[in-house]
Each structure stands twice: as structure tokens, then as C-alpha cells.
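# Overview (structure and organization)
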Amino acid sequence: MTNTARPILFQTGPIMDPALAPALAEHFTVLMPEALEEGQAGQVRGIVSGVGREVDDELMARFPALEIVANFGVGYDSVDVDAAQRRNVMVTHTPSVLDEEVADLTLGLLLATVRRIPQADRYVREGRWPEGAFPLSPSLRGRKVGMVGLGRIGLAVARRLEGFGVPVLYHTRNRRADVPYIWRGNLVELAREVDVLVVLVPGGAQTRHLVNADVLEALGPQGLLVNVARGSVVDEVALVEALRSGRIGAAGLDVFAQEPHVPEALMSFENVVVLPHVGSGTFTTRAAMGQLVVDNLRNWFAGRGAVTPVPECAG
Ligand code: A2R
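This part is about the nonpolar core. Within the largest apolar cluster, 67 residues are counted, with the highest numbers of intra-cluster contacts made by Ile47, Val69, Met147, Leu161, Val198 and Leu297. Setting aside its immediate chain neighbours within four residues, Met147 contacts Gly154, Val157, Leu161, Val168, Leu169, Tyr170, His171, Leu190, Val198 and Leu200. Within the second largest apolar cluster, 31 residues are counted, among which are Ala218, Ala229, Leu239 and Phe269.

Moving on to the pairing of strand β11 (residues 250-253). Where burial is concerned, the two faces of β11 agree: the one with Ala250 and Gly252 and the one with Ala251 and Leu253 are both buried. Bridging between strand β10 (residues 224-227) and β11 involves four bridges; their strand directions are parallel. Among the inter-strand pairings, Leu225 is bridged to a residue of β11, identified as Ala251. This β-α-β element, β10 to helix α9 (residues 236-244) to β11, shows right-handed connectivity. By the bridge criterion, three bridges tie β11 to strand β12 (residues 272-274) in an arrangement that is parallel. Following the sheet pairing, Gly252 is matched in β12 by Val273.

With that settled, the discussion passes to the packing of aromatic side chains. In total, this model carries three aromatic pairs according to the counting rule given. Judged by centre distance (5.1 Å) and plane angle (40 degrees), the ring pair of Phe10 and Phe63 falls under tilted. With Phe10 in strand β1 (residues 8-11) and Phe63 in the loop between α2 (57-61) and β4 (68-72), this pair connects stretches of sequence that are 53 residues apart. Phe63 carries the same exposure label as Phe10, and that label is buried. Their ring planes at 70 degrees and their centres at 5.2 Å tell us that Tyr123 and Phe134 sit as a pair that is edge-to-face. With Tyr123 in helix α5 (residues 117-125) and Phe134 in the loop between α5 and β6 (145-148), the pair connects residues that are 11 residues apart, well separated along the chain. The exposure class assigned to Phe134 is partly exposed, which follows from its relative accessible area of 28%.

Next up on the list: the sheet that holds strand β8 (residues 182-183). Read from one edge of the open sheet, seven strands run β8-β7-β6-β9-β10-β11-β12, paired in parallel fashion. Where the open sheet ends on each side, the last strands, each with one partner, are β8 and β12. Taken together, the four bridges between strand β9 (residues 196-199) and β10 define a ladder with parallel strand orientation. Of the residues in β10, the one forming a bridge with Val198 is Val226. Contacts from α9 reach β10, β11 and β12 within the one sheet, and its direction differs from that of β11 by about 145 degrees.

What follows is about the sheet that holds strand β2 (residues 29-31). The strand order β2-β1-β3-β4-β5 describes an open sheet built from five strands, whose pairing is parallel. Two strands in the sheet have a free side with no partner beyond their single neighbour: β2 and β5 (90-92). Each strand of the sheet is rotated relative to its neighbour by a mean of 25 degrees, with strand direction disregarded. Inspection of the sheet shows strand β3 (residues 44-50) paired to β4 by five bridges, in the parallel sense. Its bridge partner being in β4, Gly50 is matched across the sheet by Phe72. Contacts between helix α11 (residues 283-301) and the sheet are confined to β1, β3, β4 and β5, with β4 contributing the most and set at about 170 degrees to the helix.

Here we take up the pattern of salt bridges. By the definition in use, this model includes 12 salt bridges. The closest approach of N and O atoms between Arg160 and Glu100, which form a salt bridge, is 2.9 Å. Of this pair, Arg160 sits in helix α6 (residues 152-163) while Glu100 sits in helix α4 (residues 99-115), and the two are 60 residues apart along the sequence. Given the relative accessible area of 46%, Glu100 is considered partly exposed. Note that Arg160 and Asp104 form a salt bridge whose closest N and O atoms lie 2.8 Å from each other. In this pair, Arg160 sits in helix α6 while Asp104 sits in helix α4, placing the two residues 56 residues apart along the sequence. Connected through shared salt-bridge partners, Glu100, Asp104 and Arg160 make up one network.

Conventions adopted
Residues numbered from 1 in each chain as written. Predicted model: local features only at pLDDT ≥ 70, side-chain atom pairs only at ≥ 80, totals over all residues. Heavy atoms only, no water. Core = buried A, V, L, I, M, F, W, Y, C linked by side-chain atoms within 4.5 Å. Buried < 20%, exposed > 50% of the residue type's maximum accessible area, 1.4 Å probe, protein only. Contact = heavy atoms within 4.5 Å. Helix = DSSP H or I, 4+ residues; strand = E, 2+ residues; numbered from the N terminus. Pairing = 2+ DSSP bridges. Right-handed = clockwise from strand over helix to strand, strands pointing away. Phe/Tyr/Trp six-rings, centres within 6.5 Å; stacked < 30°, edge-to-face > 60°. Axes fitted to C-alpha atoms, helices over the stretch in contact; angles between N-to-C directions. Salt bridge = Lys/Arg side-chain N within 4 Å of Asp/Glu carboxyl O.

This is the structure in C-alpha cells:
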């Protein structure tokens, strides 16, 4: 039996936050796709969604009473915001609460990639150490880092990089007046100038394949690519080719074009570190994101508006 006194939500699939389901259940009736019964769609007032689950016009059309889509995550490229706005549906996301966590992971992945930490771990586990010392690795010393995107998370990464004593440059559409880092309006130029590119722009049509063959070529044979944003931002075919031909030196990837599928070719390279999209994946940060999802929904249904609307729906 569903409690009709409470707003009914549709959740597009499982979300990796153990605290979210009980927190939602306290205030809402949550229907998972498999639990949605004939006739219930008309009562659904909110959608809870997460990365990789499309909330498109077709899905929203199934719920004529829909008021809000609450996205678990800062990136909301899987939500068709234009369609939501045409339907007068609010879209929210979870900015800020994950910045430091994703920045930590970014530095971890960068260091793991340049110093080949996972490869060294495998070397020990495979019993190869007694055969001889692990090969020397490239270094972060004396290298420059180029941020592709310098928003909330990018800035948290840049600040950490200052502590590592490496110069930071960045590429965005708009130059920031409030940072000490050098701006480059042209991404190929930036790639030519730096040794490491760290990708932290939102996904979606605007940034699709922003990091293409030309950018990778400019990064160069000693260059290193770190992507913690969205797989769609990097042309994965061009990346595989650049790694195969040695046109770039190494890559650290937390995100992929077709998650959870990781191209075999990428996993076959010794100079690539792959992670299963864990940028914000800690108990504390996922709980903070879940709480923000709940706060957005509670505020909305109490008539107080959304706490963190996506920029397109703000104001
Ligand atoms: O371009 P600007 O001036 O709006 O700067 C934003 C930049 N950005 C771009 N840079 C170059 N070409 C583009 N087409 C482009 N579109 C956006 O990305 C800004 O510096 C940055 C985004 O910052 P925030 O909106 O504060 O996002 P946040 O919280 O740092 O997260 C970035 C992404 C998420 O969307 C997830 O996909 C991923 O990181 O976790």
C-alpha cells in the first residue's frame, strides 16, 4: 500500500548512498521502476535520478503531475533540462558538497598515473619484486598542469596543486578575475603549453569531445590526461589511438563514454589507470549529496522552492 498523503517519487534506479533510501522513505513514497504499477504514474510528483540514467522528455511525459527532478550529483547532463523547462518542471542538483572529495580523488588519480602506483602495487602482489626493482616512473616535478574547467571542483584541485609546487594554467570560456592562474582561451594552445591536462567541465552537448585528437596531439608524448568529469568530454577513440601511437604519455580516467563499459583497448595499456567513477564515492560525501537531494525535495513540496536549482532553473 502506498501512502497517498505523502508526495510520490519515482527513482530511476539504484543510487550509491546507503543513507538516501531511509532518508527519502521518511518523507516520501518512493517507487522504483520495477515497483511502478499501472495507474500510479499520474500521482508521481518528483523524480530522483543519478548519473548515467537518462531523464528525457519521454520519461517526463509518463508523469503528468511531475513538478521536480532531483539529480543526485553535480553533473546533470543526463537530464533534459530544456524539456523539463517546457514542462514547467524544476531540476535540482548537488553542487559544492562534493568539491573537496572529488578534488582529493583527482590528485590521487593524477599521482597514481604519473608515479604508476597501481602498477607498482600489482608488481609487488605478483611476486615480481625479488626479480628486480620496479622501473623508474615519470615525475610531477618541474611540470605544468592545465585545468580544463575551473569551477567549484576545478578550483579545489588548483588549490591543492599549488601545494604540490606546480604551475597551474586553465581553459574556460570566460576568464576569471579572481584567480592567480594563467588563462588560455584556446584549448590546443593550453595543451601545448602544459604537461598534464585535468578535465573538470560539465558533460553534455556543449563539451562533447572537447578533448579531441588535436588537443591530445598538442599535449604530447610526455603528456598526461586526467579525466574526472564525464566520459563524453574526451573523444575515447582518439584517446585510444593517441595512447597506442605514443602521442600522449599516460592517462588517468575515472569516467568513460559508455559506463560501466570500459574499452578493452584502454585497459590493455600499462600507462593507463582506470577507476570505476568514484570521484565523490565516500560514505560522508555521498551522504551529504543525498541530504541535499532530500532537502531540495522537502523544500519544494513545502512550497519554499528548491535549495540548489540547476543554473537554468534558478532565479
Ligand atoms: O566556460 P566557463 O567560463 O563557464 O567555465 C566553466 C567551465 N566550462 C567550460 N570550459 C570550456 N569549454 C566549455 N564548453 C565549458 N563549459 C563549462 O567548466 C567552469 O569553469 C567549469 C564548470 O564549473 P562548475 O559549473 O562550478 O562545475 P563543478 O561543480 O566544478 O563540476 C564540474 C563537473 C560536473 O559537471 C561533473 O560532470 C563533474 O565535474 O563531476
